[in-house]
Amino acid sequence: MIIDIHTHTYPDKIAEKTVEKLSDLAGIKPHTNGTLDGLVESTKEAGIDYSVILPVATDPHQVPTINEYAYKTNISYKRKGIISFGGIHPDSPDIARVIRGIASLGIKGIKLHPDYQGVFFNDVRYKRIVMTAASYGLCTIVHAGVDIGMPEPVHTTPDMVREVINETGANRVILAHMGGWRMWDEVMEKLVDLDIFLDTSFSTEAVEPDGMLDEQKFTEMVRAFGAERILFGSDSPWGSQKKSLKWIQNTSLHKNEKEMILGANAAGILGIK
């Protein structure tokens, strides 16, 4: 089984403009049109069994709509091969109630993007979210490291991650972009001993920008953290699902390591058999 734990889509009405705007900001070309149908097509073409959508709430008022859409998407996940996580904003009123509602809908996790949400990851509001999500058995995926389309400062650094994990004791946190985009040496130095997961999205030479992880460095990180803590992600539409998958398949990692990374680990988190 192959699962892409990190993808994005946008509502049909705004997908074209949103993708165009983000493409201009980041200086990268998309690999789909950013719609749900585009992701479904890409998922099938790449030979991926399931793709997980990670919605980002940039305003607290968006949260109910995001989570209703996630619930409806998940009803037909086996037919379309698409699963959606929920969304929450650090300024959402009554965070416990929102997370309880997400869990009651059967949604398996939430996505945080501190850069887009304008709050540093070690803020007490995020700590509360991470801890509450873990108490309901939800995983939390957080953008980590530099964001290619956003200016400084970095809102999720390895030091902030360490602070959050140590204070909350949460054990279902997934750090996107191999723990911190373009902060990988620091990730290795400061986070290896924590009970966390990393996803591979937009971090390897499978994507266009220079300065990505080559096979040697990627393998070093996999072996340091353990393949059981690495999850395959493409960051579609910003990364090609097909190229990202083939890149990992073509590495010299052992067969069982690839199986864990490409699907087994995510299947366990998502409860898919």
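To be clear, the structure that these remarks concern was listed above.
Cut-offs applied
Every chain is numbered independently, its residues counted from 1 as its sequence is written. The model is predicted, so local features are restricted to residues of pLDDT at least 70 and side-chain atom pairs to those at 80 or more, both for listing and for counting; the totals for chains, interfaces and linings are taken over all residues. Hydrogen atoms and water are omitted, and side-chain values are computed over all heavy atoms in the structure. Centres within 6.5 Å make a pair out of two Phe, Tyr or Trp rings, where for Trp the six-membered ring is used; the pair is then stacked when the planes are under 30 degrees apart, edge-to-face when over 60, and tilted otherwise. A run of H or I in DSSP becomes a helix once it reaches four residues, and a run of E becomes a strand once it reaches two; helices and strands are each numbered from the N terminus. Contacts are residue-level and defined by heavy atoms, with any inter-residue pair within 4.5 Å sufficient. We call a residue buried when its accessible area falls under 20% of the maximum for its residue type, exposed when it is over 50%, and partly exposed in between, using a 1.4 Å probe and counting protein chains only. Between any two strands, at least two bridges found by DSSP are needed for them to pair. Here, the term right-handed applies to a crossover whose path from the first strand over the helix to the second runs clockwise when the strands point away from the viewer. To count toward a patch, a residue needs a relative accessible area above 30% and no salt bridge. Like charges then connect within 9 Å, nonpolar side chains (Val, Leu, Ile, Met, Phe, Trp, Tyr) within 5 Å. Surface accessibility follows the Shrake-Rupley procedure with a 1.4 Å probe radius. Residue values consider only the protein chains on display as shielding. Any Lys or Arg side-chain nitrogen found within 4 Å of a carboxyl oxygen on Asp or Glu counts as a salt bridge. Where helices are involved, their axes are fitted lines through C-alpha atoms of the stretch in contact, as for all axes, and angles between N-to-C directions lie from 0 to 180°.

**Q** Please clarify how the packing of aromatic side chains should be interpreted in this entry.
**A** Each pair of aromatic rings is reported with the distance of its centres and the angle of its planes. One pass over the full model with this rule turns up four aromatic pairs. Judged by centre distance (5.7 Å) and plane angle (45 degrees), the rings of Y50 and Y77 are tilted. With Y50 in strand β2 (residues 50-53) and Y77 in helix α4 (residues 77-80), the pair connects residues that are 27 residues apart, well separated along the chain. Taking the centre distance of 5.3 Å and the plane angle of 75 degrees together, the rings of F218 and W247 count as edge-to-face. Placement of F218 in helix α10 (residues 215-225) and of W247 in helix α11 (residues 241-249) is noted, with a sequence separation of 29 residues between them.

**Q** Sorry, what's going on with the side chain of S236 here?
**A** With respect to the secondary-structure elements, S236 resides in the loop between β9 (230-231) and α11. In this view, S236 contacts H6, T7, H8, T32, L39 and Q241; residues no more than four positions away in its chain are not counted.

**Q** Can you help me understand the pairing of strand β1 (residues 3-7) in this one?
**A** The side chains of a regular strand alternate between the sheet's two faces. Summarising burial for β1: five of the five residues are buried, a large majority. As paired elements, β1 and β2 share three bridges and run parallel to each other. Bridge pairing in β2 places T7 opposite I53.

**Q** Help me understand the pairing of strand β6 (residues 139-142) in this model?
**A** The alternating pattern of β6 places C139 and I141 on one face and T140 and V142 on the opposite face, and all of these are buried. Note: strand β5 (residues 109-112) against β6, four bridges, orientation parallel. Considered in β6, the bridge of K111 is made with I141. Alignment of β6 against strand β7 (residues 173-175), held across three bridges, turns out to be parallel. In the sheet register, T140 faces β7, and the bridge partner there is V173. Note that the unit made of β6, helix α8 (residues 158-168) and β7 has a crossover that is right-handed.

**Q** Explain a nonpolar patch on the surface to me, please; I cannot follow it from the model alone.
**A** A cluster of nonpolar side chains, namely Y71, I75 and L105, defines an oily patch on the protein surface of about 280 Å² accessible area. Relative to the elements of secondary structure, I75 occurs in helix α3 (residues 63-75). Since its relative accessible area comes to 60%, I75 is described here as exposed.

**Q** Is there a simple way to think about the sheet that holds strand β3 (residues 82-84) in this case?
**A** Each strand in a sheet pairs with another by means of backbone hydrogen bonds, the pair being arranged parallel or else antiparallel. With parallel pairing, three strands are arranged side by side in an open sheet as β1-β2-β3. On the outer flanks of this sheet lie β1 and β3, each paired with one strand and no other. This sheet shows a mean twist of 25 degrees between the axes of neighbouring strands, independent of strand direction. As judged from the three bridges shared by β2 and β3, these two strands associate in the parallel manner. Residue I53 lies in a different strand from β3, and its bridge partner there is S84.

These results come straight from atomic positions and should not be treated as a statement about function.
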